[in-house]
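Summary of the model geometry
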Amino acid sequence: MTAGDKILLAHGGGGRLTDEIVRNIILPAFDNETLGKLTDSAEIQFGKDSICFTTDSYVVKPLFFNGGDIGKLAVCGTINDLAVSGAKPLYLSLALIIEEGLEVDTLKKILYSAATAAKQENVQIVCGDTKVVEAGCADKLFINTSGIGVKWPKANLGFKRIAAGDKIIITGRIGDHGMTIMSQREGMKFETDIKSDCASVAQICEKVIEALGNDIKFMRDPTRGGIAATLNEIANQANCGIEIYEENIPVNPTVKAAAEMLGFDILNVANEGKAVIVISPQKVEKCLDICRSCKIGKEAAIIGQVVADGEPLVELVTTIKGRRIVQMPYGRELPRIC
Amino acid sequence: MCLAVPARIIELKGDEAIADCIGNRIEAKTTLVPDVKVGDIVLIHAGFAITVLDENEAKKTWQLLADLDNFSRTDKRVSG
Amino acid sequence: MLERINRAYTQIARARKTLGRTVNIMEVCGTHTVSIFRTGLKTAFPEGLKLLSGPGCPVCITDQGYIDAILAFADRADIIIATYGDMIRVPGRNGSLEQKTNRGNIKIILSAEDVLKLAKQNPTKKILFVAIGFETTAPATAVMANEALQQGIKNIFIFSNHKLVVPAMEALLSGKNHRIDAFLCPGHVSVIIGSDAYKPIVKRFKKPCIVAGFEPMQIIEAISEICREIADGKPQVGSVYHAAVTPAGNRTAQKIIDESFDIAPGCWRGLGRIDKSTLKLKEKFAGLDAEKQLGIEFIPEEDLTGCCCGEVICGLMDPPDCGLFATSCTPDTPVGPCMVSSEGACAAWFKYTRKKRQS
């Protein structure tokens, strides 16, 4: 990126352009080892304790959608970043940027939703901030949540732990959140009953780490950019190849049809209640059973494995046994007619 | 060069229809298929139904897709 | 299912033997190109069969001058540009529509009907409609234009660059350097124009023309049939897309096109000027015609230096043979439309097959 370049929507999309802005502009500005690891949460030592610390901002439109709202999203999203880093989520901050003119009732509903989500996970919202900006300067409501948690004793996660032969699990059907949001945007020409998968994955993460400890090598929650972004990030940072099987990837047929209608690649579509788990091959079936015993993990599936290929690429074996590369998404899926 | 999805007409008023595509309800104009009826399966491109699909032929394609699913399940390299 | 694949392999081998060389089939349609990559069919075909990407990508063949003419309007406060998402990232000389969206006057539409809605919601603005696409999409523009006329809507300005597929196929076969043995014909264009539309090509050039849908089995069936015809020396028009395509096509849609558009010469990136290949609005729509009402300057332009989109579209080159491919021309920094279009051959090659990571 050069002087005079402008920020595009795709820079916030969790794909290639986000990667570019993080590496070329943000990291150089702060230059420290912890940040440079680019993990979902930063791990910080306080004496003999490991604390994880993370932050995320929520700008979803519309504020209310099938399956959730920005309040629930803001709490679950940050809880998930802590959980997939191997930490028990404990405390959140909640900062509001409110556009002048937002209905008070709307704000109340959203805060109630956030409180409910936090309570369900025994997480407390302990500090916050409120700002109001002039009409037109924010899109109704933006929320930032930061979170801290304490590492589960048996958690031993990291890119360096990933090895050839490790299996990859996704904890449920992909693409639900992104297609739900799309369907409820103004101007979209379809109605659907699909729901966002907005949920906390903390229970799944805690259970698999408790049962399998060191055999769980790495976890990440695939949000914007879909599992394509997450798997490419893993391949890149662990410097490994990944092979996944199209027939194994769980997708709701209605969600898949909605993606096809708009010309979206379902692998690039956002999720908000899923975890990608990299696990030793000998424990993969047990891990799958644990996931499926959890409420939101019933559709969990083994979708692929880490391969001893050398090239840090993600390759998809298609339903007709062909192969194609799954690239890091651009960062913005555009509806198309061609 | 053209994305088009099959969907079944569930409502029709003049040349405006609602069609169901595996649980998604799409708005579509039927100006180009004036003889369409509720219950027909159409191909929708850029908000317009461009043809009524021959359901028997469409079923053959769907049967082939089902065969494809069976084909791909015969060689599982990853369990689960 | 295995039987079909085996049949295809047998026919490919027969065709190769008959020709004494690799069989070259051109996929006219960009959606076929993408489908072949995405389903992994590209890796499944045997040696001896080569699939050439063709000019059936409305974005890829859009002349540079058209894109620049639209971009010239992106900064005007009185204009809303209504475009299908496909055109948003196409680069002109000075950026793309994507880079101008912060002004809020570029709207992505899913249907020509959205243009009518925009016009009614914004009566003080001029809606500039980027009307691209082949015969599949042109009827929608025509229906919308008729509705605008009937409803007395005066703030829609259609910039038509709808193109016709058969003239492009003929132009390709008339060129000296082509290597095309047959055409895999576009599924959805053929829904409108009918499979009989390809008869003149078979008659004049003796090349098989088979229409296929976009599922992998459809493509395999069509290739099998094409190779059989090559091996038997009996080129024909045909279709395996029985569910959707008839020999005559959609007569209602054809009539609407005939009544709403004149056929004019047009500029195609890579193919140059082709007579009778572009649709322009008839005189009765003069009030809705962007070129007549907005003073649009549409000057055909030279392709950007080093860009080989033209040769790629004509099947003369594979994208990796272009010097700019994956170096200065990538999906994030596209030089030519074949890289930015979701259906472009270069984008498909880059997305689905490149082994080397971009640094």
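Residues numbered from 1 in each chain as written. Chains lettered and ligands numbered in written order. Predicted model: local features only at pLDDT ≥ 70, side-chain atom pairs only at ≥ 80, totals over all residues.

**Points about the overall build of chain B**
This is how it is decided: Helix and strand definitions here come from DSSP, where helices need a minimum of 4 consecutive H or I residues and strands a minimum of 2 consecutive E residues; each element is numbered from the N-terminal end. In this scheme every C-beta is placed from the backbone, and a residue whose C-beta has 20 or more other C-beta atoms within 10 Å is buried, one with 12 or fewer is exposed, and one in between is partly exposed. Here, residue contact means that the backbone-derived C-beta atoms of the two residues sit within 7 Å.
In terms of regular secondary structure, chain B is built from one helix and five strands. Mapped in sequence order, the helices and strands of chain B form the string β-β-β-β-β-α. Here chain B holds 80 residues, and 42% of them are scored as buried. In chain B, the proportion of contacts linking residues at least 24 apart, taken out of those at least 6 apart, comes to 30%.

**What to know about the environment of Ile26 of chain A**
One can find Ile26 of chain A in helix H1 (residues 16-30). Along the sequence, Ile26 of chain A and Arg224 of chain A sit 198 residues apart, while their C-alpha atoms lie 19 Å from each other.

**Thoughts on helix H4 (residues 104-120) of chain A**
All names here are of chain A. Operational definition: By this rule, a helix spans an expected 1.5 Å times one less than how many residues it contains. Directions are taken from the helix axis to each C-beta atom, and the arc is the one they span.
Compared with the 24 Å implied by 1.5 Å per residue over 17 residues, the 24 Å span of H4 between its first and last C-alpha is a close match. If you check which residues of H4 are buried, you get Ile110, Ser113, Ala114, Ala117 and Ala118. Down the axis of H4, the sector holding all buried residues measures 130°, keeping them to one side. Exposed residues pointing more than 90 degrees away from the buried face of H4 are listed as Val104, Asp105, Lys108, Thr116 and Lys119. The elements touched by buried residues of H4 are strand S4 (68-69), helix H3 (70-83), strand S5 (87-99), strand S6 (124-133) and strand S7 (141-151). Among the residues trailing H4, Asn122 stands out with phi positive, at a value near 55°.

**Comments concerning the packing of helix H6 (residues 138-150) of chain C against helix H11 (residues 251-260) of chain C**
Residue and element names in this part refer to chain C. The line we're drawing: The angle between two axes is taken between their N-to-C directions and runs from 0 to 180 degrees, where each axis is a line fitted to C-alpha atoms and a helix contributes only its stretch in contact. Roughly parallel refers to an angle under 35 degrees, roughly antiparallel to one over 145, roughly perpendicular to one between 65 and 115, and oblique to any angle outside these ranges. Crossing handedness is read from the near helix: turned anticlockwise from the far helix by less than a right angle, it gives a left-handed crossing, and turned clockwise, a right-handed one. We call Asp, Glu, Lys and Arg charged. Ala, Val, Leu, Ile, Met, Phe, Trp, Tyr, Cys and Pro are nonpolar, and the rest, Gly among them, are polar.
Look at H6 against H11: their axes get within 9 Å of each other, and the N-to-C directions meet at 60°. Relative to H11, the element H6 is oriented oblique. Where H6 crosses over H11, the handedness of that crossing is left-handed. When H6 is examined against H11, the residues Ala138, Pro139, Ala142, Val143, Ala145 and Asn146 are found in contact with a partner set consisting of Ala253, Ile256, Ile257 and Ser260. In the contact of H6 with H11, the residues fall into eight nonpolar, two polar and no charged.

**A look at the pairing of strand S11 (residues 261-268) of chain C**
The two faces of a sheet get side chains in turn, since along a regular strand they alternate between them. Residues and elements named next belong to chain C. Our working definition: Following DSSP output, two strands are said to pair if at least two bridges run between them.
Pairing geometry for S11 and strand S12 (residues 272-281), over seven bridges, is antiparallel. Among the inter-strand pairings, Phe261 is bridged to a residue of S12, identified as Leu281. Following S11, the chain reverses through three residues before pairing antiparallel with S12; Gly270 in that reversal takes a positive phi of roughly 90°.

**A few points about the interface of chain C and chain A**
Facing the 35 residues of chain C at the interface are 24 residues of chain A. At the level of secondary structure, the elements contributing two or more residues to the side of chain C that touches chain A comprise helix H2 (30-38), helix H3 (41-44) and helix H15 (345-353) of chain C. A per-element tally of the side of chain C that touches chain A places H3 of chain C first, with four residues. Looking at the side of chain C that touches chain A, its residues break down into 13 nonpolar, eleven polar and eleven charged.

**Focus: the interface of chain B and chain C**
With 26 residues of chain B at the interface, the matching set in chain C holds 31 residues. Those elements that provide at least two residues to the side of chain B that touches chain C are strand S4 (41-45), strand S5 (48-52) and helix H1 (55-73) of chain B. Ranked by residues supplied to the side of chain B that touches chain C, first place goes to H1 of chain B with eight residues. In terms of residue class, the side of chain B that touches chain C is made up of 17 nonpolar, five polar and four charged.

**A closer look at the sheet that holds S12 of chain C**
Ordered in space as S7-S12-S11 (chain C), the three strands form an open sheet in which the pairing is antiparallel. The two strands at the open ends of the sheet, each matched to only one other strand, are strand S7 (162-163) and S11 of chain C.

**Notes on the confidence of the model for chain B**
Residue and element names in this part refer to chain B. For clarity, the cut-off: Confidence of the predictor at the level of single residues is captured by pLDDT, which takes values from 0 to 100.
Model confidence for chain B is summarised by a mean pLDDT of 83, while 74% of its residues fall at 70 or above. Highest mean pLDDT in chain B belongs to S5 (97); lowest belongs to H1 (68). Low pLDDT, under 50, characterises residues 75-80; the predicted model gives this stretch ten contacts beyond four residues in sequence or across chains.

**Observations regarding the sheet that holds strand S12 (residues 276-279) of chain A**
All names here are of chain A. The seven strands are arranged S10-S12-S8-S13-S11-S14-S15 in an open sheet whose pairing can be described as mixed. The two strands at the open ends of the sheet, each matched to only one other strand, are strand S10 (216-220) and strand S15 (323-325). Each adjacent strand pair in this sheet contributes to an overall mean axis angle of 25°, direction not counted. Sheet topology note: the strand S8 (residues 167-170)/S12 ladder contains four bridges and is antiparallel. Each bridged residue has a counterpart across the sheet, and for Ile168 the counterpart in S12 is Val278.

**A few points about the domain arrangement of chain C**
Residues and elements named next belong to chain C. Test applied: As used throughout, domain bounds are those supplied by an automatic or database domain assignment.
Structurally, chain C comprises domain 1 (2-56 + 166-239), domain 2 (64-164 + 249-293) and domain 3 (309-350). Computed from C-alpha coordinates alone, the two centres of domain 1 and domain 3 are separated by 21 Å. Each partner contributes residues to the interface: domain 1 has 16 residues there, and domain 3 has ten residues. When contributions to the side of domain 1 that touches domain 3 are tallied by element, the ones reaching two or more residues are H2 and strand S2 (49-56). Among the elements that line the side of domain 1 that touches domain 3, the one with the most residues is H2, at five residues.

**A closer look at unusual backbone geometry**
Between Lys61 of chain A and Pro62 of chain A the backbone carries a cis peptide bond, its omega angle lying at 5°. Among the secondary structure elements, Pro62 of chain A is positioned in the loop between strand S2 (49-58) and strand S3 (64-65). Positive phi values are uncommon outside glycine, yet Asn122 of chain A reaches one of about 55°. Tracing the backbone shows Asn122 of chain A in the loop between H4 and S6. Residue Asn122 of chain A is classed as exposed on the basis of its C-beta count, with 10 C-beta atoms lying within 10 Å. One non-glycine residue, Ala46 of chain B, lies in the positive phi region at around 50°. Following the sequence through the fold, Ala46 of chain B ends up in the loop between S4 and S5. Of the residues examined, Ala46 of chain B has 27 C-beta atoms within 10 Å and is grouped as buried.

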